[in-house]
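Structural features, examined
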Amino acid sequence: MSEQRTLLERERELDVLANVLAEAQEGRAVAVAMAQGPQAGLALLEPLDTDNRLSGHHRLPAVRAHLLEMAGDHEAARSCYRAAARLTTSLPEQHYLQGRAARLTQDRR
């Protein structure tokens, strides 16, 4: 029984580490975008699209929205901000992300 518990603990530790690494990759994408342009940052996000640990989290579409906005693709950015807002359970984050999407809608007019 203790061996099984140890395996479960190790699995949890690996999940935590994988999440930290995914967050670091998102941060790296933003840093690269600031130095080399948004397209370079967006390219670093692509491998994260297939990471199941991030599929239900708002961070990835929020970061993508920011980089798309930097690239001038406001329609795609707006869509990603809205997707991120739907994924978060935090009301302040929802309001912020919805506000970013709305601002891009107003900029279109």
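Bear in mind that the values here come from a model prediction, so they are computed numbers and not experimental data.

A few words now on the overall build of the protein chain. Summing up its helical and strand segments, the protein chain has five helices and zero strands in all. Of the regular secondary structure in the protein chain, the N- to C-terminal order runs α-α-α-α-α. Its C-alpha atoms give the protein chain a radius of gyration of 17 Å, more than 25% over the compact-globule value 13 Å for 109 residues. Taking the principal axes of its C-alpha atoms as reference, the protein chain extends roughly 65 × 30 × 20 Å. Considering only contacts in the protein chain between residues 6 or more positions apart, those separated by 24 or more positions represent 47%. Carbon and sulfur atoms make up 53% of the accessible area of the protein chain, which totals about 7200 Å².

Here we come to the nonpolar core. General note: in soluble globular proteins, nonpolar side chains tend to be found buried as a group. The biggest cluster of nonpolar side chains holds 23 residues, and the ones touching the most others in it are Leu45, Leu67, Tyr81 and Leu97. Contributing elements (two or more residues each) for this core: α1 (2-36), α2 (38-45), α3 (59-71), α4 (74-87) and α5 (91-108). The dominant element in this core, judged by the number of residues it contributes, is α3, at six residues. In this structure, Leu97 is in contact with His58, Ala62, Tyr81, Ala84, Ala85 and Thr88, ignoring residues within four places of it in sequence.

The next point concerns the confidence of the model for the protein chain. Looking at the protein chain, the pLDDT average stands at 88 and 93% of residues meet or exceed 70. Here α1 stands out as the least confident element of the protein chain, with mean pLDDT 81; α4 is the most confident, with 96.

With that out of the way, let us pick up the packing of α3 against α4. In contact at an axis separation of 8 Å, α3 and α4 are set at 160° when each is read in the N-to-C sense. In terms of orientation, α3 and α4 fall into the roughly antiparallel class. Regarding α3 and α4, the two cross each other, and that crossing is left-handed. Contacts from Pro61, Ala62, Arg64, Ala65, His66, Leu68 and Glu69 in α3 reach His74, Ala76, Ala77, Cys80, Tyr81, Ala83, Ala84 and Leu87 in α4.

Glancing now at the packing of α2 against α3. Across the interface, α2 lies against α3 with an axial gap of 9 Å and an inter-helix angle of 155°. Between α2 and α3, the angle is such that the two are roughly antiparallel. Here α2 runs over α3; the crossing is left-handed. Seen from α2, the contacting residues are Pro38, Gln39, Gly41, Leu42 and Leu45; seen from α3, they are Leu60, Val63, Arg64, Leu67, Leu68, Met70 and Ala71. Class assignment for the residues of the contact of α2 with α3 results in nine nonpolar, two polar and one charged.

Conventions we followed
Residues numbered from 1 in each chain as written. Predicted model: local features only at pLDDT ≥ 70, side-chain atom pairs only at ≥ 80, totals over all residues. Heavy atoms only, no water. Helix = DSSP H or I, 4+ residues; strand = E, 2+ residues; numbered from the N terminus. Rg over C-alpha atoms; globule rule 2.2 N^0.38 Å. Contact = heavy atoms within 4.5 Å. Areas by Shrake-Rupley, 256 points an atom, 1.4 Å probe, with all protein chains shown as cover. Core = buried A, V, L, I, M, F, W, Y, C linked by side-chain atoms within 4.5 Å. Buried < 20%, exposed > 50% of the residue type's maximum accessible area, 1.4 Å probe, protein only. pLDDT = per-residue confidence, 0-100. Axes fitted to C-alpha atoms, helices over the stretch in contact; angles between N-to-C directions. Parallel < 35°, antiparallel > 145°, perpendicular 65-115°, else oblique. Left-handed = near helix turned anticlockwise from the far one by under 90°. Nonpolar A, V, L, I, M, F, W, Y, C, P; charged D, E, K, R; others polar.

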